[in-house]
Amino acid sequence: MIKTWELDANFRNEIMNEPGGEHLSACFQCSTCTIGCPIAEIVPSYNPRKIIQMSLLGMREDVLSNPDLWICAICQTCTARCPQDVRISDLLAAIRRIAEKEEEAGKLKVDSVRPLFEKAFLHQLEKYGRLFDMGLAMEYYKGKEGGSFIKGQLAMMKDFKDFGMRMFKKGKMGPKAMFPEKVKKKEEIEKIFEKVGEKEK
Amino acid sequence: MSEKKLAYYPGCPSATTAIEQDMSTKAVFEKLGIELSEMEDWNCCGAAEAEDPILVYALNARNLAIAEKDGLDIVTPCSICYYNLARTDKALREDEGLRAEMKDIDSSLEYKGTIKPKHILDVLVNEIGMDELSGKVEKKVNVKVAPYYGCYIGRPSETAFDDPDDPDLMDRLIELIGGENVQFSSMKTKCCGGPLMMTREDIAFEMARKVLESAKNAGADCIALACPLCGMMLDAKQPDIEKKLDIKVEMPVVYISQLLGLALGIAPGKLGLNKNVVSTKEILGKVI
């Protein structure tokens, strides 16, 4: 049951002020996004149309704590097919960023490891300017195991033992892959993260 | 094609998981007489993990600006890198305020919009063109192929360079080299699950399974693709998918640049055909 007094009329504005969320109010609920979605085919609860409707209604808490927010594969099928140019893929990313900020502020618990993975990815990028697979996996697994480096390494080995061996045999994970490739003008990358980070606040 | 030199943006997996795509791309362009000049000090595009558009624009503005200094269009073999470069190029061309915002972050992000980022598939078919390519074909690659396009080649519309539902650039290349395209249209543009591989393996594997089994059921000898993340998911993870879902697929997965390279008479070793995880031996036997 929807309790009108619990709705947040400003939620739609909050989303529309976030880059990527601008087109939210153009949605007329046709469900084209959901019908063509490859995730909805696999996960019955997954329904981007419904997430949009709940956002427009102002069901802020329900939307931000919905674990389905984190299983979009950003394949852009919904965006490509939407007759209203809602740009659902970018819109869901905008809602995810609001949820992450809420979690950082201690107001919400995100039920997904995806923010951990994305943060670990961006952290590698900030440090080296390029993706360092090994560093990413180590950081991500450490985070997944509650910050324990040892537990993280063990979990990573368990998940990636076969894969790692396979890559090694094909010469795709040789000694060179143990060290990061780095951008020379590191200061330019640092500046990007520093300044974009400030804007976000 | 009038330009004989392009700025090459290899993308992060080029040295590791997608080394065969990097090798074959370089070999094909060399054979075609087009110089690929690797961009000096390029950075990661942010892949699918940078979700803040401003961060994506900043990371890619730096790369665009590097190529612009040399006055060269960019070519990249990766669909995600292409998408990030192309959407940044578009946003910066259209929005003066955004250009100023980028310059304000750092002078290295100053991009005027005088060059274009392109995907190799686009360059091969639409710029070099089928006529020129067909003149250089030396061998018949007599394989049945499931052409798999994935996400960012046909969508979203602002950056797409092929049809969103039934793309055909790869189909045309496969016909050109003497191959046969199997009935695969419902799967061509369906996501491989790659972006969920590390956070929701269960969903990602199920998505990849659909692509792999469709290709198998259609009677394909191999899947051809043009994106390192699709390659990782469908080829490198294929044994893991088989094990986890208790299925047998054994479907070779090659980059379209590798198939084209074979037709151009380039040695398999130079195309990295020994680097694909699922053996490509049977494909090599069908090159005449």
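What you are looking at is a predicted structure, and each value in this text was computed from that prediction instead of being measured.

## Concerning the nonpolar core
Phase 1 of the analysis: Membership of the largest hydrophobic core comes to 127 residues, with the highest contact counts inside it found for Ile 39 of chain A together with Met 102 and Ile 223 of chain B.
Phase 2 of the analysis: Looking at which element gives the most residues to this core, the answer is helix α2 (residues 53-69) of chain B, with 10 residues.
Phase 3 of the analysis: Residues Tyr 8, Leu 121, Ala 226 and Ile 283 of chain B belong to the second largest nonpolar core, which totals 45 residues.

## Re the environment of Glu 158 of chain B
Phase 1 of the analysis: Within the element layout of this structure, Glu 158 of chain B appears in the loop between β5 (144-147) and α7 (169-176).
Phase 2 of the analysis: Using a relative accessible area of 32% as the deciding quantity, one classes Glu 158 of chain B as partly exposed.
Phase 3 of the analysis: Sequence separation between Glu 158 of chain B and Arg 87 of chain B is 71 residues, and the spatial gap between their C-alpha atoms is 7.5 Å.
Phase 4 of the analysis: With near-sequence residues (within four places) excluded, Glu 158 of chain B lies in contact with Arg 87 of chain A together with Lys 90 of chain B.
Phase 5 of the analysis: A polar side-chain atom of Glu 158 of chain B sits 3.5 Å from a polar atom in the side chain of Ser 157 of chain B.

## Considering the interface of chain A and chain B
Phase 1 of the analysis: Contacts between the two partners involve 57 residues from chain A and, on the opposite side, 58 residues from chain B.
Phase 2 of the analysis: Summed over both sides, the interface between chain A and chain B buries roughly 5200 Å², with carbon and sulfur atoms accounting for 61% of that surface.
Phase 3 of the analysis: Our enumeration of links across chain A and chain B arrives at 11 salt bridges.
Phase 4 of the analysis: A salt bridge links Arg 166 of chain A to Asp 240 of chain B, with the shortest nitrogen-to-oxygen separation between them at 2.7 Å.
Phase 5 of the analysis: For the interface between chain A and chain B, the tally reads 29 residue pairs in polar contact (both at pLDDT 80 or more).
Phase 6 of the analysis: Secondary structure elements with two or more residues in the side of chain A that touches chain B: α3 (38-42), α6 (77-81), α7 (88-104), α8 (114-128), α9 (133-144), α10 (149-169) and α11 (186-200) of chain A.
Phase 7 of the analysis: Broken down by element, the residue count for the side of chain A that touches chain B peaks at 9 residues, all from α11 of chain A.
Phase 8 of the analysis: Of the residues in the side of chain A that touches chain B, the class split is 30 nonpolar, 5 polar and 22 charged.

## Section: the pairing of strand β1 (residues 5-8) of chain B
Residue and element names in this part refer to chain B.
Phase 1 of the analysis: Direction of pairing for β1 relative to strand β2 (residues 35-38): parallel, over a ladder of 4 bridges. From the neighbouring strand, Ala 7 faces β2, where its bridge partner is Ser 37.
Phase 2 of the analysis: With helix α1 (residues 19-31) bridging β1 and its parallel neighbour β2, the resulting β-α-β unit is right-handed.

## Here's the deal with helix α8 (residues 201-217) of chain B
Phase 1 of the analysis: Its 17 residues place the ends of α8 of chain B 24 Å apart at the C-alpha level, agreeing with the 24 Å of an ideal helix rising 1.5 Å per residue.
Phase 2 of the analysis: Among all positions of α8 of chain B, only Ile 203, Ala 204, Phe 205, Met 207, Ala 208, Lys 210, Val 211, Leu 212 and Ala 215 of chain B are buried.
Phase 3 of the analysis: Where α8 of chain B is buried, its residues touch α3 of chain A together with β5, β7 (222-225), α9 (228-236) and α10 (238-245) of chain B.

## Some remarks on the domain arrangement of chain A
Residue and element names in this part refer to chain A.
Phase 1 of the analysis: Domain boundaries in chain A define domain 1 (4-104) and domain 2 (114-200).
Phase 2 of the analysis: Its C-alpha centre places domain 1 at a distance of 29 Å from the equivalent point of domain 2.
Phase 3 of the analysis: Contacts between the two partners involve 10 residues from domain 1 and, on the opposite side, 5 residues from domain 2.
Phase 4 of the analysis: Together domain 1 and domain 2 conceal approximately 590 Å² of surface at their shared face, both sides included; 39% is due to carbon and sulfur atoms.
Phase 5 of the analysis: For the pair domain 1 and domain 2, the interface holds 2 salt bridges.
Phase 6 of the analysis: Lys 119 is paired through a salt bridge with Glu 100; the nearest N and O atoms lie 3.6 Å apart.
Phase 7 of the analysis: At the junction of domain 1 and domain 2, the tally comes to 2 residue pairs in polar contact (both at pLDDT 80 or more).

## Quick word on the side chain of Thr 79 of chain A
Phase 1 of the analysis: Following the sequence through the fold, Thr 79 of chain A ends up in helix α6.
Phase 2 of the analysis: Of note is the side chain of Thr 79 of chain A, whose polar atom sits 3.4 Å from the backbone nitrogen of Ile 88 of chain A.
Phase 3 of the analysis: Once residues within four sequence positions are removed from consideration, Thr 79 of chain A is found in contact with Arg 87, Ile 88 and Ser 89 of chain A together with Pro 156 of chain B.

## A word on the pairing of β5 of chain B
Residues and elements named next belong to chain B.
Phase 1 of the analysis: With 2 bridges joining them, β5 and strand β6 (residues 180-181) adopt parallel strand pairing. Bridge pairing links Lys 144 to Glu 180 in β6.
Phase 2 of the analysis: Taking the sense of rotation as the criterion, the β-α-β connection linking β5, α7 and β6 turns out right-handed.

## Overview of the side chain of Ser 257 of chain B
Residues and elements named next belong to chain B.
Phase 1 of the analysis: Within the fold, Ser 257 resides in helix α11 (residues 256-263).
Phase 2 of the analysis: On the accessibility criterion, Ser 257 (4% relative accessible area) is buried.
Phase 3 of the analysis: Excluding its chain neighbours within four sequence positions, the residues that come into contact with Ser 257 are Gln 21, Ser 24, Thr 25, Val 28 and Leu 271.

## Thoughts on α7 of chain B
Residue and element names in this part refer to chain B.
Phase 1 of the analysis: Leu 169, Met 170, Asp 171, Leu 173 and Ile 174 are the residues of α7 that are buried.
Phase 2 of the analysis: On its buried face, α7 is in contact with α5 (120-128), α6 (130-136), β5, β6, β7 and α11.
Phase 3 of the analysis: Just past α7, the residue Gly 178 takes up positive phi, approximately 90°.

## A short note on the pattern of salt bridges
Phase 1 of the analysis: Taken as a whole and judged by the stated rule, the model has 44 salt bridges over all chains.
Phase 2 of the analysis: For Glu 41 of chain A, the salt bridge is made with Lys 190 of chain B, and the minimal N-O distance between the two is 2.6 Å. Highlighted residues: Glu 41 of chain A in helix α3 and Lys 190 of chain B in the loop between β6 and α8, drawn from two different chains.
Phase 3 of the analysis: Overall, Glu 41 of chain A belongs to the partly exposed group, its relative accessible area being 43%.

## Description of the packing of aromatic side chains
Phase 1 of the analysis: Applying the stated criterion to the full structure yields 8 aromatic pairs over all chains.
Phase 2 of the analysis: What links up through ring pairs into an aromatic cluster is the set Phe 117, Tyr 140, Tyr 141, Phe 160 and Phe 163 of chain A.
Phase 3 of the analysis: Seen from the ring of Trp 42 of chain B, Arg 130 of chain A lies directly overhead, with NZ or CZ sitting 3.6 Å from the centre.
Phase 4 of the analysis: Directly above the ring of Phe 163 of chain A sits Lys 237 of chain B, whose terminal nitrogen or CZ lies 4.7 Å from the centroid.

Definitions and cut-offs
Residues numbered from 1 in each chain as written. Chains lettered and ligands numbered in written order. Predicted model: local features only at pLDDT ≥ 70, side-chain atom pairs only at ≥ 80, totals over all residues. Heavy atoms only, no water. Core = buried A, V, L, I, M, F, W, Y, C linked by side-chain atoms within 4.5 Å. Buried < 20%, exposed > 50% of the residue type's maximum accessible area, 1.4 Å probe, protein only. Helix = DSSP H or I, 4+ residues; strand = E, 2+ residues; numbered from the N terminus. Contact = heavy atoms within 4.5 Å. Polar contact = N/O pair within 3.5 Å; in protein donor to acceptor, adjacent residues only side chain to side chain. Buried area = accessible area lost by both parts, 1.4 Å probe. Salt bridge = Lys/Arg side-chain N within 4 Å of Asp/Glu carboxyl O. Nonpolar A, V, L, I, M, F, W, Y, C, P; charged D, E, K, R; others polar. Pairing = 2+ DSSP bridges. Right-handed = clockwise from strand over helix to strand, strands pointing away. Expected span 1.5 Å × (residues − 1). Domains from an automatic or database assignment. Phe/Tyr/Trp six-rings, centres within 6.5 Å; stacked < 30°, edge-to-face > 60°. Lys NZ or Arg CZ within 6 Å of the ring centre and 35° of its normal.

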